[in-house]
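Spelled out, the chains give:
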Amino acid sequence: MKQFSPLLLVPLLLLTVGCGKQDEIHSYDVPKEAPELGPAHAAAEATPTRMLAAILPGDGQNWFFKMTGAPDQVAPQFANFVEFLKSVTLKAGQPEWKLPADWTQEPGRSMRFATLKVKDTDPPLEMSVIPLPPSDTLENVNRWRGQVGLAPTTEKQLTAAAQTSAALDHELFTIKAGDKTMTVVSLEGKMGANPMSRAPFASGMMGGGGMPAPGPASSTPPAAASPIKYETPEGWAPGRSGGMRKAAFNVSADGETGEVTVIDLTRENSPLLDNINRWRGQVKLDPISESELPANSEKLKVGDLEATYVKLIGPKSEQPQPAILGAIIYRENLAWFVKFTGPAKLAEKEETRFKQFVQSIRFE
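No experiment lies behind these values; they were computed from the predicted model shown.

Conventions we followed
- Residues numbered from 1 in each chain as written.
- Predicted model: local features only at pLDDT ≥ 70, side-chain atom pairs only at ≥ 80, totals over all residues.
- Heavy atoms only, no water.
- Helix = DSSP H or I, 4+ residues; strand = E, 2+ residues; numbered from the N terminus.
- Buried < 20%, exposed > 50% of the residue type's maximum accessible area, 1.4 Å probe, protein only.
- Contact = heavy atoms within 4.5 Å.
- Areas by Shrake-Rupley, 256 points an atom, 1.4 Å probe, with all protein chains shown as cover.
- Polar contact = N/O pair within 3.5 Å; in protein donor to acceptor, adjacent residues only side chain to side chain.
- Salt bridge = Lys/Arg side-chain N within 4 Å of Asp/Glu carboxyl O.
- Pairing = 2+ DSSP bridges.
- Axes fitted to C-alpha atoms, helices over the stretch in contact; angles between N-to-C directions.
- Phe/Tyr/Trp six-rings, centres within 6.5 Å; stacked < 30°, edge-to-face > 60°.
- Expected span 1.5 Å × (residues − 1).
- Bend = angle between axes of the 7 residues up to and from the residue.

1. Side note on the overall build of the protein
Helix and strand content of the protein: seven helices and 20 strands. Among the 364 residues that make up the protein, the fraction classed as buried is 50%. By sequence separation, contacts in the protein at least 24 residues apart represent 62% of the contacts at least 6 residues apart. Of the roughly 16600 Å² that the protein leaves accessible, carbon and sulfur atoms contribute 52%.

In structure tokens form, the structure reads like this:
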């Protein structure tokens, strides 16, 4: 099963500022809509899909497990999927597990740590195992939901999932795997067959984002977002974009890795202080009040708009010391979230370039 989709970013031009390599930047457009497809493609976009996926928090990186296929193929594997997750443990930072009797394991490729296949399935049914830097669980869950045409869930529902036991008809629950707690989704919806319309594999990398709009599940995917342009600092590698992620970049230096994401959500369901406090909680910082916000943030000019920027460095007792650089831009009916997540030393190193990236963003 194909797990990766082509990036939705089309290079337009290469700008060089100054004479040093580190000042080199790339400019990209994010298309407003996918190309118009004919009737045959339109029919293919209504393919019923079952998705089983899980996030295992690790030390310095998270592990993402994902199986996607036809409902009549995936549903019979639910019990095996749950038992497999319960067997997973981390040894020296890498997962070990016990395979179900009818599963086989193949070596990983590219970013995959491993590919697990279910025997004698046609078309082949498999699960990807991928390590990625720590990221926002709610964003990943909602990105998966968006991939099968379901509406976003909420932070409250995500918290309630901790009290929900595994069942095929439960869309969100948790499983204990050793001393870790895995967040698990079991989703059924429709996924487009056009690769350009499919969000990337299971994961999620580090994500940004605001509070998703609550509401019942829907078979209609979210509307296409307005296009954006931006200049990418030299050394930022394209990451996994698609779905709610309008752009994503992997950032590495001195053996450390982080990620920058750009997502958009409805403005009315994305209050500024709530999202900043959620980010603060992710790096083990206490929430702040409305009156404390000005002293704990700054304003950045983004064209004719203004972004609220925060630099959040977690306690040194946490290893690696966590950090978030975040900016929230309100434009028309959307809230745009630009977020770096990674270790504190890397955040300090990348802060200037992150701010420049935020300020380079333009909307049509």
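2. Observations regarding the side chain of Arg-145
If you trace the backbone, Arg-145 turns up in helix H4 (residues 137-147). Among the polar contacts made by the side chain of Arg-145, one reaches the main-chain carbonyl oxygen of Ala-151 at a distance of 2.5 Å.

3. Here we look at the side chain of Thr-183
Structurally, the position occupied by Thr-183 is in strand E11 (residues 180-191). Using a relative accessible area of 13% as the deciding quantity, one classes Thr-183 as buried. Among all residues touching Thr-183, those that are not within four sequence positions of it are Ala-53, Ala-54, Ile-55, Thr-137, Val-141, Leu-158, Leu-172, Phe-173 and Thr-174.

4. Things to note about the pattern of salt bridges
A complete count under the given rule lists 17 salt bridges for this structure. Salt-bridge contacts for Glu-83 lead to Lys-86; the nearest nitrogen and oxygen are separated by 3.8 Å. Within this pair, Glu-83 and its partner Lys-86 are both found in helix H3 (residues 78-87), separated by three residues, close to a single helical turn. Relative accessible area serves as the criterion here: at 49%, Glu-83 is assigned to the partly exposed category.

5. Re the pairing of strand E10 (residues 172-177)
Judged by how many residues are buried, E10 sits mostly within the fold: five of six residues are covered. By the bridge criterion, six bridges tie E10 to E11 in an arrangement that is antiparallel. Within E11, the residue paired with Ile-175 across the bridge is Met-182. Here E10 folds back onto E11 in antiparallel fashion, the turn holding two residues, of which Gly-178 has a positive phi close to 65°.

6. Considering unusual backbone geometry
Negative phi is the rule for most residues except glycine; trans is the rule for most peptide bonds. In this structure, Pro-123 follows Asp-122 across a cis peptide bond, with omega equal to 0°. Here Pro-123 lies in the loop between strand E8 (114-118) and strand E9 (125-132). Here the residue pair Gln-319 and Pro-320 is connected by a cis peptide bond, since its omega of -5° sits within 30 degrees of zero. Structurally, Pro-320 can be placed in the loop between strand E17 (305-313) and strand E18 (322-331). Not every positive phi belongs to a glycine, and Asp-120 is a case in point at roughly 55°. Assignment of secondary structure puts Asp-120 in the loop between E8 and E9. A relative accessible area of 82% places Asp-120 in the exposed class.

7. With respect to the sheet that holds E8
Overall, antiparallel pairing links the seven strands, which are arranged E7-E8-E9-E4-E3-E11-E10 in an open sheet. Looking at which strands have only one partner, the edges of the open sheet turn out to be strand E7 (103-107) and E10. Adjacent strand axes in the sheet meet at a mean angle of 20°, parallel and antiparallel pairs treated alike. Bridging between strand E4 (residues 62-69) and E9 involves six bridges; their strand directions are antiparallel. Residue Phe-65 lies in a different strand from E9, and its bridge partner there is Val-129. With respect to the sheet, H4 is in contact with strand E3 (47-57), E4, E10 and E11, its orientation differing from that of E11 by roughly 20°.

8. Re the packing of aromatic side chains
With the rule as written, the count across this model stands at 16 aromatic pairs. Their ring planes at 80° and their centres at 5.0 Å tell us that Trp-63 and Phe-113 sit as a pair that is edge-to-face. Separated by 50 residues along the polypeptide, Trp-63 in strand E4 and Phe-113 in the loop between E7 and E8 bring together distant segments of the chain. A residue is classified by how much of its surface remains accessible, and Trp-63, at 2% relative accessible area, is buried.

9. Let's talk about helix H6 (residues 272-282)
Burial of H6 is extensive: eight of the 11 residues sit out of reach of the surface. Within the span of H6, buried status applies to Leu-272, Leu-273, Asn-275, Ile-276, Asn-277, Arg-278, Trp-279 and Arg-280. In the core, the buried residues of H6 are packed alongside helix H5 (155-160), E17, E18 and strand E19 (334-343). Just beyond H6, the residue with positive phi is Lys-284, at close to 70°.

10. Remarks on the sheet that holds strand E13 (residues 237-238)
Ordered in space as E13-E14-E15-E19-E18-E17-E16, the seven strands form an open sheet in which the pairing is antiparallel. Among the strands making up the open sheet, the edge pair consists of E13 and strand E16 (298-302). Bridge analysis of E13 against strand E14 (residues 245-253) gives two bridges, and the strand direction is antiparallel. Looking at E14, one finds that Pro-238 is bridged to Phe-249. The sheet strands contacting helix H7 (residues 344-360) are E14, strand E15 (256-266), E16, E17, E18 and E19, and the helix crosses E19 at an angle near 155°.

11. Focus on H7
Compared with an ideal rise of 1.5 Å per residue, which puts 17 residues at 24 Å, H7 spans 23 Å between its outermost C-alpha atoms and is within 8% of the ideal. Of all the bends in H7, the greatest, near 55°, is centred on Glu-350. Turning to H7, its buried residues number three or more, namely Ala-344, Leu-346, Ala-347, Glu-350, Glu-351, Phe-354, Lys-355, Phe-357, Val-358 and Ser-360.

Just distances and angles here, no functional claims.
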